[in-house]
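# Structure at a glance
The residues making up each chain are set out below.
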Amino acid sequence: MVHIKAKVLAKIEVAIDIYKLRLSCPKIAASVLPGQFVHVECGKDREFILRRPFSVHRRLGGNAFEILFQVVGKGTRALAEIEKGDILDVIGPLGNGFEVSDTVKNTLLIAGGIGVAPLMFLAEKLFAGKIPFDVLIGCANCKKAVPFDLQNIIKDRVFFATDDGSLGFKGTVTELFLNHLKKNEKPDVIYTCGPKAMLKQVALIAEKHGIACFLSLEERMACGIGACLSCVCKTKSGQKRVCVDGPIFDASEIIWE
Amino acid sequence: MVHIKAKVLAKIEVAIDIYKLRLSCPKIAASVLPGQFVHVECGKDREFILRRPFSVHRRLGGNAFEILFQVVGKGTRALAEIEKGDILDVIGPLGNGFEVSDTVKNTLLIAGGIGVAPLMFLAEKLFAGKIPFDVLIGCANCKKAVPFDLQNIIKDRVFFATDDGSLGFKGTVTELFLNHLKKNEKPDVIYTCGPKAMLKQVALIAEKHGIACFLSLEERMACGIGACLSCVCKTKSGQKRVCVDGPIFDASEIIWE
Amino acid sequence: MKPSLEVNIAGIKMKNPVMTASGTFGSGLEYSNFIDLSKLGAIVTKGVSLKEQQGNLTPRIYETPCGMLNSIGLQNKGVEKFILEDMAFLKEFNVPIIVNVAGSAIEEYVEVAQRLSEEDCISALELNISCPNVKAGGLVFGSDVDSAAKLTTFVRKATKLPLIVKLSPNVGNIETIAKGVEEAGADAISLINTLIGCAIDVDSFKPQLANVIGGLSGPAVRPVAIAMVWRVSKAVGIPVIGMGGIMNCRDALEFFLAGASAVAVGTANFINPEVTMEIIDGLAEFLRINKLNSILEVVGKLKV
Amino acid sequence: MKPSLEVNIAGIKMKNPVMTASGTFGSGLEYSNFIDLSKLGAIVTKGVSLKEQQGNLTPRIYETPCGMLNSIGLQNKGVEKFILEDMAFLKEFNVPIIVNVAGSAIEEYVEVAQRLSEEDCISALELNISCPNVKAGGLVFGSDVDSAAKLTTFVRKATKLPLIVKLSPNVGNIETIAKGVEEAGADAISLINTLIGCAIDVDSFKPQLANVIGGLSGPAVRPVAIAMVWRVSKAVGIPVIGMGGIMNCRDALEFFLAGASAVAVGTANFINPEVTMEIIDGLAEFLRINKLNSILEVVGKLKV
Ligand SMILES: Cc1cc2nc3c(=O)[nH]c(=O)nc-3n(C[C@H](O)[C@H](O)[C@H](O)COP(=O)(O)OP(=O)(O)OC[C@H]3O[C@@H](n4cnc5c(N)ncnc54)[C@H](O)[C@@H]3O)c2cc1C
Ligand SMILES: Cc1cc2nc3c(=O)[nH]c(=O)nc-3n(C[C@H](O)[C@H](O)[C@H](O)COP(=O)(O)OP(=O)(O)OC[C@H]3O[C@@H](n4cnc5c(N)ncnc54)[C@H](O)[C@@H]3O)c2cc1C
Ligand SMILES: Cc1cc2nc3c(=O)[nH]c(=O)nc-3n(C[C@H](O)[C@H](O)[C@H](O)COP(=O)(O)O)c2cc1C
Ligand SMILES: Cc1cc2nc3c(=O)[nH]c(=O)nc-3n(C[C@H](O)[C@H](O)[C@H](O)COP(=O)(O)O)c2cc1C
Ligand code: FES
Ligand code: FES
């Protein structure tokens, strides 16, 4: 875990209001795991009092990594104004990361909206480990769809669901998930990231079908390192801090409100 | 008086930490008088709660004008980061402006530091009106000296005083002023702008020699238009608002603390 | 149907619930260069005392993080000159004028209130019992419920005009004080005035304000203001006018949701002279988008 | 000669006057990844109550203009587990540990204080009578002088450890309360805790904090903090520990000039985990440049 300045190697607008930042940062890239996040200072000169957490989207060898973010408020709006060559103040890698046990044979990744961010990094790892997986991605419409264009990955294992049917299945990603379960072999493990309401649905469906499920939770964060207790969630083994005990949790552990 | 967006036509670093901004703004340029100022939003997105006042440094026909400013704090630091093509939010023209009566025959302009800003515009007007004048400029050293390069103005009527003697006279501009008085014909009117302590000295010397003296005062300003009463100064005809009753005052009116 | 922004606060009929905050809008004249004053919900004047006051020494203001300190010190021309000059100008506009009243003793408040009541172009009085900048600024009355209620009682007797009491945020028990002035006859409550603050120049070891202490306003204080509006509007039955750090329409909406029936805009006028108009337009737009008929459908609708 | 940053507050010898603010520094462990804890003036722990507490629902924080609201709600593991886990870690560092004590009744404060006094690695207790986030947060004690003094008296009797009382800024009469706890036996006063604040999401009509109300901290509140430190340090004879919105060395210097003998850094740790070290270095540099021998030559030196 380091507090460090990272140089912006590239900024790419991948969909409407969704940007990818490539950061040069060997200290983080060398050790970061899928599911971990970085805590980023948005804006200039301590313009904001709090950092903003973003999952690592992709690791580029040992020297660089990417984040993928959506503009939703003032912090992300400021971040979207950063340019190639600028310097970003980041803390990371933070959090626990996805657990991928050796026995996993067949997995399913389910993303809601910008929840696709950490799943790309995970997909790369699964791919490298030759663990087969399908990807289900839900988003509002085709303009909000982030291409899941992992090199060499067979494109026909990635399925989109859009609210308006402008890309892939018309409906929610949980509906797509249910359809997928009917038509395909049952996965051993599900990895999912997205809005809380979606995560809960996915978790309940997974439980019903007896599938292990790991999810990436979001809570507002101040410190990002376990000190301030702002990011807690209720689990069966007591109250946990999403930033250090998570953000990845076993879905069966979560006590849903 | 308008509240308007002005386009930055040029930004020039004229001396260390001193910048000139050329702004396209017919509505202000058309009517602004020497000694008047504009109230400028520095930084982005209401980053600062208050505007910053800057004298108009030069009028470029009826379409554009310039301000000259020194970086002294966070607002001016943000302003220095603006680039050609950016848009600046300004209110102006504000304040009363220098009075130049028809009877004036021979004038002297005295600037302390960045106080040179409004005097350039005045010099242009005097020049156009064929009123002869000398210019005395005090600054820390040659690196802080703003060239007073009014087209066609005989360079040898501009005299510098620097603390370290790196340019012109070694000493303060008030010392230079006293020397100047000894060696030259007495001016009818003195126009001066600079730090308060300097203005006071100039005013007292002028009074002693029976020379009319007009000075440009600075006070911290919130509204800039006479509404908030933050910028008052004591005068013989009662308390005045520098932003609307000034910034130019007859030196003999000021009650010095 | 066009949604309605009209409100009626303590008998003051307003076209919309957006007022100017005392001391930040001059005599109105200054801002008439930028906006049509008659489009405002109401204009609140700078604090007026019995006699002319010079105010504090300069520097009187200082910018702080997302806020500003001021120590104007109630500089004003006194009630007679105010009526002669400022009211003469303001009464030409079709907009309610609320006069902010300051004083250092009950008798002074009473006298100013009486004098103002003789004029027929004033819509209401706002009792400033909360100015932190001068002894004569009333904070002594705003700091405890007994003094606040006593002052309100006396002024209440002295005028038939609707009476708004402006509370100080520099207290622990804002509900108690609010209830006290309500019982004493206030028709509405406005809050917050500025928070007591100070800033220091570490190069010169000198305070940034000649008066050392000043009043903090601007977005920095908005969360404090929202909390107090929420607490007070639950505690009293009279309308609450909310202010403190409103920079745009969304900020204003927070106050309505917290329970304010009208808002006042102060510091924001300095950076954006048209801000009041933008807020009025923004509120209308908000109602339209949310298919609401009236701003009253937003007041106090915080979901807790 | 190298200028000295050493201070002695209520018998606590500190290498320098820069402490961490309660609740913002975890158990220290978290920040040991970034800084050498033994270089701090002192570490102040999160509030500790008798029994474990779950705290409030999330969202517990929200960013506001130049500040943040928090409503953690005193989540903590209770005094026994705190001693077993946190103190076991912290006592390995050569740095004074000040334990922030919370409670909902005098007996609870007394019991926690007694239990902590049995440990020999604790340098002082800080009585939190000012947390706005929970009923059991002590604000009920911090709001009036009698309760504050009474609580201080009881805890004073229960421990031989130096006693710091942390005051709430949500009061009108901060000097009175400060003098009250001084007379009741406090060895030092720390302030400010957070200001009561609220923010609302105007899209959903819901409060930004599950608890509706939270505590405001960060640079937004600094002017309020400086003013209170200045007022209190003139009113009492015991040392004052200043905090509220310190982001860098210059901010810290404002507090010293206003009369603080030490400072605590809270919210700033979140954006900059090394901020305390930068402030310590900055203070040394400031003394050097100004040819001062000791930080004590700055304390209270505001030129008024
Ligand atoms: C572990 C973790 C990983 C994340 N990874 C990504 C990612 O890869 N890509 C991405 O686009 N977003 C991600 N998010 C969400 C992202 O942090 C928020 O969208 C962002 O903080 C919003 O900031 P803002 O200033 O634009 O929004 P504002 O709403 O203006 O922010 C106001 C405050 O709310 C907080 N906040 C708002 N939304 C969220 C949220 N969903 N989660 C946490 N805090 C929030 C902000 O941090 C800030 O303190 C992640 C969140 C967490 C907790
Ligand atoms: C009528 C008038 C004309 C001016 N013309 C010029 C000019 O042409 N060129 C130029 O470089 N400067 C000029 N100044 C001074 C300029 O406004 C300040 O240097 C500037 O406001 C500093 O802002 P800052 O944020 O960088 O400084 P900070 O010190 O960070 O500002 C903090 C606060 O203090 C105020 N402040 C600080 N210094 C001054 C000052 N000297 N006068 C007024 N307010 C101040 C700022 O407005 C701000 O509110 C003029 C001032 C006035 C009143
Ligand atoms: C420069 C200035 C002068 C003020 N003068 C007065 C006054 O005379 N009477 C009064 O009741 N409030 C006065 N106030 C307080 C404002 O009316 C308002 O309550 C406060 O500034 C909070 O609102 P804001 O954050 O929108 O400015 C003044 C505020 C400022 C900034
Ligand atoms: C997340 C958070 C938790 C806090 N918890 C406590 C606490 O447990 N006890 C306490 O006395 N103060 C607590 N505080 C208040 C701080 O110690 C400090 O007084 C306040 O935040 C002002 O300082 P700052 O602006 O530097 O943060 C907390 C503040 C924050 C932001
Ligand atoms: S963000 Fe501070 S504990 Fe998780
Ligand atoms: S700056 Fe407001 S009156 Fe001059």
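Check the entry above for the structure.
Conventions we followed
- Residues numbered from 1 in each chain as written.
- Chains lettered and ligands numbered in written order.
- Predicted model: local features only at pLDDT ≥ 70, side-chain atom pairs only at ≥ 80, totals over all residues.
- Heavy atoms only, no water.
- Pairing = 2+ DSSP bridges.
- Helix = DSSP H or I, 4+ residues; strand = E, 2+ residues; numbered from the N terminus.
- Axes fitted to C-alpha atoms, helices over the stretch in contact; angles between N-to-C directions.
- Contact = heavy atoms within 4.5 Å.
- Near = heavy atom within 4 Å.
- Polar contact = N/O pair within 3.5 Å; in protein donor to acceptor, adjacent residues only side chain to side chain.
- Areas by Shrake-Rupley, 256 points an atom, 1.4 Å probe, with all protein chains shown as cover.
- Expected span 1.5 Å × (residues − 1).
- Buried < 20%, exposed > 50% of the residue type's maximum accessible area, 1.4 Å probe, protein only.
- Disulfide = S-S within 2.5 Å.
- Buried area = accessible area lost by both parts, 1.4 Å probe.
- Salt bridge = Lys/Arg side-chain N within 4 Å of Asp/Glu carboxyl O.
- Nonpolar A, V, L, I, M, F, W, Y, C, P; charged D, E, K, R; others polar.

This part is about the sheet that holds strand β6 (residues 67-70) of chain C. The strand order β5-β6-β14-β11 (chain C) describes an open sheet built from four strands, whose pairing is antiparallel. What marks the edges here is a single partner per strand, and that holds for β5 (61-64) and β11 (195-198) of chain C. Each strand of the sheet is rotated relative to its neighbour by a mean of 40 degrees, with strand direction disregarded. As paired elements, β5 of chain C and β6 of chain C share four bridges and run antiparallel to each other. When the sheet's bridge partners are listed, Y62 of chain C is paired in β6 of chain C with L69 of chain C. Along the sheet face, helix α6 (residues 222-235) of chain D touches β5, β6, β11 and β14 (213-217) of chain C and points at about 80 degrees away from the line of β11 of chain C.

Moving on, we come to the site of ligand 2. Residues and elements named next belong to chain B. Around ligand 2, 21 residues are found, and the nearest of them are R52, P53, G75, T76 and E218. G75 places a polar main-chain atom, nitrogen or oxygen, 2.7 Å from an oxygen atom of ligand 2. Protein chains bury 87% of the 830 Å² of accessible surface belonging to ligand 2 in isolation. When residues of the shell around ligand 2 are traced back to their parent elements, those giving at least two are β4 (52-60), β5 (64-70) and α2 (74-79). For the shell around ligand 2, the element with the highest residue contribution is β4, accounting for four residues.

With that settled, consider helix α2 (residues 106-117) of chain C. Compared with an ideal rise of 1.5 Å per residue, which puts twelve residues at 16 Å, α2 of chain C spans 16 Å between its outermost C-alpha atoms and is within 8% of the ideal. Along α2 of chain C, the residues classified as buried are I106, E108, Y109, V110, V112, A113, R115 and L116 of chain C.

Moving on to helix α7 (residues 249-258) of chain C. Counting buried residues along α7 of chain C, nine of its ten residues qualify, which places the element largely inside the surrounding structure. Each element contacted by the buried residues of α7 of chain C is listed here: α6 (222-235), β15 (240-243), β16 (262-265) and α9 (275-289) of chain C together with β12 (200-201) of chain D. Just downstream of α7 of chain C lies G259 of chain C, where phi reads positive at about 125 degrees.

Our next topic: the state of the cysteines. Overall, the coordinates contain one disulfide over all chains when judged by the stated rule. The side chain of C66 of chain C participates in a disulfide bridge whose partner is C66 of chain D; the two sulfur atoms lie 2.2 Å from each other. In this structure the cystine formed by C66 of chain C and C66 of chain D twists about its S-S bond by roughly 55 degrees; its chirality is therefore right-handed. One end of the pair, C66 of chain C, is in the loop between β5 and β6; the other, C66 of chain D, is in the loop between β5 (61-64) and β6 (67-70), on a second chain.

The next thing to look at is the interface of chain D and chain C. Frequently, the measure chosen for interface size is the accessible area that the parts lose on association. On the chain C side, the residues contacting the 42 residues of chain D number 42 residues. For the chain D and chain C pair, buried surface summed over both sides reaches about 3,600 Å², with 74% attributable to carbon and sulfur atoms. By the criterion of area lost to chain C, the three top residues of chain D are I200, V202 and F205 of chain D, representing 20% of everything that side buries. Taking the shortest distance from any N to any O, the salt bridge between D203 of chain D and R250 of chain C comes out at 3.1 Å. Applying the counting criterion to the chain D and chain C interface returns eight residue pairs in polar contact (both at pLDDT 80 or more). Listed by contribution, the elements that provide at least two residues to the side of chain D that touches chain C are β11 (195-198), β12, β13 (206-207), β14 (213-217), α6 and α7 (249-258) of chain D. The residue makeup of the side of chain D that touches chain C, split by class, is 28 nonpolar, five polar and nine charged.

Now for the environment of D146 of chain C. Secondary-structure assignment places D146 of chain C in helix α4 (residues 145-158). Residues D146 of chain C and T176 of chain C, 30 residues apart in the sequence, show an inter-C-alpha distance of 9.8 Å.

Moving on, we get to the interface of chain B and chain C. With 27 residues of chain B at the interface, the matching set in chain C holds 31 residues. Taken together, both faces of the contact between chain B and chain C bury some 2,600 Å²; the carbon and sulfur share is 59%. Contact with chain C buries surface across chain B, with I49, R220 and L229 of chain B losing the most and accounting together for 27% of the total. Close ionic contact of R241 of chain B with E30 of chain C constitutes a salt bridge, the shortest N to O distance being 3.3 Å. On the surface where chain B and chain C come into contact, there are twelve residue pairs in polar contact (both at pLDDT 80 or more). Listed by contribution, the elements that provide at least two residues to the side of chain B that touches chain C are β1 (2-15), β13 (232-235) and β14 (238-241) of chain B. Among the residues forming the side of chain B that touches chain C, the class breakdown is 14 nonpolar, four polar and nine charged.

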